[in-house]
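One letter stands for each residue in the lines below.
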Amino acid sequence: MIVATVGGADVPVDEVDAREARLRDSPLAAALPKADTSEGRQLRRWLTQLIVTERVIAAEAAALDLTDADAPTESELLPDATARLEIGSVAAAALANPLARKVFARVTADVDVSDADVAAYHARNPLRFATPAPTRDGWRGPATAPSLADVRPQIADHLRAAARRKAFRVWLDARRATLVRLAPGYEHPGDPRQPDNTHRH
């Protein structure tokens, strides 16, 4: 059985089975949903998304003649839980692979932020990069808002990293839309048309 195609190449159900079996044999097993339940089918849909995403990224790396040499570290691209939420769980999981991080770096190389963006961020968040002042008794007192000049590099790095994550997510969504065809039963976990979707507003 074929669960998806990526650029016309089949993704067999055996690949999803193998990925699920590895998870169920790992230390994460206790946190996983039971197989053959609605949540278990959602896990298989998520794994399918990860597999097709990995194939899309591998195809792009081959097209760009990239290797994983000198790839950024995972913590450079995804420094915290907020960054992982911004980019999405599938893309975050895919970025565990150095080759995916190299594609990220190439795809987002031209992404930057303007001085106006930096100034506007500082105006909205004057204490974001402030250092609390220590007091005589060892506690930290209220922070004083630093000047824009003092925190411009930190703000620019923060905004640029967020903009790059967004650009990669948008690029990846577009590439998947072009290259990936999912079989019935293996739709995206969030697709409202599939029967196991429980996300409601």
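Residue indices follow the written sequence of each chain, beginning from 1 at its first position. The model is predicted, so local features are restricted to residues of pLDDT at least 70 and side-chain atom pairs to those at 80 or more, both for listing and for counting; the totals for chains, interfaces and linings are taken over all residues. Computation of side-chain values covers all heavy atoms of the structure but excludes hydrogens and water.

Chemist: Could you clarify how one ought to interpret the pairing of strand 2 (residues 9-12) in this entry?
Modeler: Moving residue by residue along a regular strand, the side chains alternate between the two faces of the sheet. DSSP calls a pair of strands paired once it identifies at least 2 bridges connecting them. Secondary structure elements follow DSSP: runs of H or I of four or more residues count as helices, runs of E of two or more count as strands, with numbering from the N terminus. Judged from the 4 bridges that link them, strand 1 (residues 2-6) and strand 2 form a sheet pairing that is antiparallel. Following the sheet pairing, threonine 5 is matched in strand 2 by aspartate 10. In sequence, strand 1 turns back onto strand 2 through a hairpin of 2 residues, with glycine 7 there showing a positive phi of about 60 degrees.

Chemist: Mind showing me how you'd approach the sheet that holds strand 3 (residues 180-182) here?
Modeler: Neighbouring strands of a sheet are bound in pairs by backbone hydrogen bonds; such pairs are parallel or else antiparallel. One open sheet accounts for 3 strands, arranged 2-1-3; its pairing is antiparallel. For this open sheet the edge positions go to strand 2 and strand 3, each flanked by a neighbour on one side alone. Ignoring strand direction, the axes of neighbouring strands in this sheet form an average angle of 25 degrees. Contacts between residues were defined by any pair of non-hydrogen atoms, one from each residue, lying within 4.5 Å. Each axis is a line fitted through C-alpha atoms, taken for helices only over the stretch in contact, and angles between the N-to-C directions span 0 to 180 degrees. Strand contacts of helix 1 (residues 13-24): strand 1 and strand 2, with the helix running at about 45 degrees to strand 2, the strand carrying the most contacts. Across the sheet, helix 8 (residues 148-179) lies against strand 1 and strand 3, angled at about 65 degrees from strand 3, the strand it touches most.

Chemist: Explain the pattern of salt bridges to me, please; I cannot follow it from the model alone.
Modeler: Any two side chains of opposite charge can pair, on the condition that their charged atoms come close. For this analysis, a salt bridge means a side-chain nitrogen from Lys or Arg found within 4 Å of a carboxyl oxygen belonging to Asp or Glu. Tallied over the entire structure, the rule returns 16 salt bridges. Aspartate 17 is the salt-bridge partner of arginine 44, the closest N and O atoms lying 2.8 Å from each other. Taken together, the residues span a long stretch of sequence, with arginine 44 in helix 2 (residues 38-63) and aspartate 17 in helix 1 at a distance of 27 residues. Residue exposure (1.4 Å probe, protein chains only): buried if accessible area is under 20% of the type maximum, exposed if over 50%, otherwise partly exposed. Aspartate 17 gets classed as partly exposed once you look at its relative accessible area, which sits at 34%. Residues aspartate 196 and arginine 45 are paired through a salt bridge, measuring 2.9 Å at the closest nitrogen-oxygen approach. Placement of the pair is aspartate 196 in the segment after strand 3 and arginine 45 in helix 2, with a sequence separation of 151 residues. Arginine 45 matches aspartate 196 in its accessibility class, with the two residues each being buried. When salt bridges with common partners are traced through the structure, they connect Asp17, Glu20, Arg24 and Arg44 into a single cluster.

Chemist: I would appreciate a short explanation of the packing of helix 6 (residues 98-107) against helix 8 in the present structure.
Modeler: Think of two packed helices as two axes; the pair is described by the angle between the axes and how far apart they sit. Where helix 6 contacts helix 8, the two axes come as close as 9 Å, and the packing angle between them is 105 degrees. In this view, helix 6 runs roughly perpendicular relative to helix 8, as classed from their interaxial angle. Side by side, helix 6 and helix 8 meet where Val103, Phe104 and Val107 of the first sit next to Arg164, Arg165, Phe168 and Trp171 of the second. Our angle categories are set so that under 35 degrees counts as roughly parallel, over 145 as roughly antiparallel, 65 to 115 as roughly perpendicular, and the remainder as oblique.

Chemist: I keep staring at helix 6 and nothing clicks. Help me out?
Modeler: Turn by turn, an α-helix covers 3.6 residues, leaving residues three or four places apart pointing in a common direction. Every buried residue of helix 6 is accounted for by Ala100, Arg101, Val103 and Phe104. Viewed end-on, helix 6 has its buried residues packed into an arc of 155 degrees, placing them on one side of the element. Looking at the buried residues of helix 6, the elements they touch are helix 2, helix 3 (74-77), helix 4 (81-87), helix 5 (89-94) and helix 8. Identification of polar contacts relies on pairs of N or O atoms within 3.5 Å, with a donor-acceptor requirement for protein atoms, meaning one able to donate a hydrogen and the other able to accept it, and with residues adjacent in sequence counted only if both atoms are side-chain atoms. Where helix 6 begins, the side chain of asparagine 97 points an oxygen toward the backbone nitrogen of leucine 99, at a separation of 2.7 Å. What the arc describes is the spread of directions from the helix axis to the C-beta atoms.

Chemist: Sorry if this is basic, but what is going on with the side chain of glutamate 20 here?
Modeler: The topology assignment puts glutamate 20 in helix 1. Look at glutamate 20 and you get buried, because its relative accessible area is 10%. Residues within four places of glutamate 20 in sequence aside, it is in contact with Ala35, Arg44 and Leu47.

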